[in-house]
Amino acid sequence: MIMNNPMVKRIVETGEERVGKLTQQLMSNEKFVAAVQSLVTRSLAAKGTLDSALRTALSAMNLPSTADLEQLRAKVDDLERLLTSVESKVDALSAAKKK
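All residue numbers here refer to positions counted from 1 along the written sequence of the relevant chain. Owing to the predicted nature of the model, reporting of local features is limited to residues with pLDDT of at least 70; listing and counting of side-chain atom pairs is limited to 80 or more, with chain, interface and lining totals taken over all residues. Only heavy atoms go into the side-chain values, all of them from the structure, while hydrogens and water stay out.

Caption draft 1: How the structure looks around the overall build of the protein. Secondary structure is summarised from DSSP: a helix means a run of H or I of at least four residues, a strand means a run of E of at least two, and numbering begins at the N terminus for each. Helix and strand content of the protein: 3 helices and 0 strands. What you see in the protein, going N to C, is helices and strands ordered as α-α-α. Over its C-alpha atoms the protein spans a radius of gyration of 30 Å, topping by over 25% the 13 Å that the globule rule assigns to 99 residues. Its C-alpha atoms put the protein at 85 × 45 × 25 Å along the principal axes. To sort residues, take the accessible area from a 1.4 Å probe on protein chains only and compare it with the maximum for the residue type: under 20% means buried, over 50% means exposed, and anything in between is partly exposed. Looking at the protein as a whole, 1% of its 99 residues qualify as buried. Exposure was quantified through the Shrake-Rupley algorithm and a 1.4 Å probe, taking into account, for residues, occlusion by the shown protein chains and nothing else. Summed over all atoms, the accessible surface of the protein reaches about 9,200 Å², with 63% contributed by carbon and sulfur. The charge count treats Lys and Arg as positive and Asp and Glu as negative. His and the chain ends do not count. The atoms used to mark charge sites are NZ of Lys, CZ of Arg, CG of Asp and CD of Glu. Between the centroid of the 15 positive side chains of the protein and the centroid of its 12 negative side chains there is a distance of 1 Å. We compute the radius of gyration over the C-alpha atoms and compare it with the globule rule, which gives 2.2 Å times the number of residues raised to the power 0.38.

Here it is as structure tokens:
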């Protein structure tokens, strides 16, 4: 209902226009783009360091990491497939023996 007001529409349009211009100016500023890239790079490096520290801490406490749990899940899935295969073969042998 408020957006139907012509004055509000004009204010929103003006705001969008100014934000667009500001964004365009920032993205054309090489120093700003370099600073953002540097920030992203350092953030990813910090995340890697934190992940490594967490893995070390979990290992020291004898607790599994996410990777350990994923490996375990993959092994359980493999075992389930193997058991299903064995079960179907036993069923087939059992059915053949009954005939």
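That covers the picture; the talk isn't over yet.
Caption draft 2: Representation of the domain arrangement of the protein. Once the domains are mapped, the protein shows domain 1 (1–62) and domain 2 (63–98). Segment limits for the domains were obtained from an automatic or database-derived domain assignment. Averaged C-alpha coordinates put domain 1 and domain 2 at centres separated by 46 Å.

Caption draft 3: Seen up close, the UniProt feature "coiled-coil region" (unreviewed entry) in the protein. UniProt positions are given in the numbering used here, feature names are shortened, and annotations may be inferred rather than shown by experiment. If you check UniProt for "coiled-coil region" (unreviewed entry), the listed places come out as residues 69–96 in our numbering. In residues 69–96, the share of helix is 100% and the share of strand is 0%. The end C-alpha atoms are 40 Å apart.

Caption draft 4: Structural context of the pattern of salt bridges. Any carboxyl oxygen of Asp or Glu that lies within 4 Å of a side-chain nitrogen of Lys or Arg is treated as forming a salt bridge with it. One pass over the structure, following the stated rule, counts 3 salt bridges. With its nearest N and O atoms 2.3 Å apart, the salt bridge here joins arginine 81 to aspartate 78. With a gap of 3 residues between them, arginine 81 and aspartate 78 both fall in helix α3 (residues 66–98), about one helical turn apart. A residue is classified by how much of its surface remains accessible, and arginine 81, at 53% relative accessible area, is exposed. Relative accessible area serves as the criterion here: at 43%, aspartate 78 is assigned to the partly exposed category.

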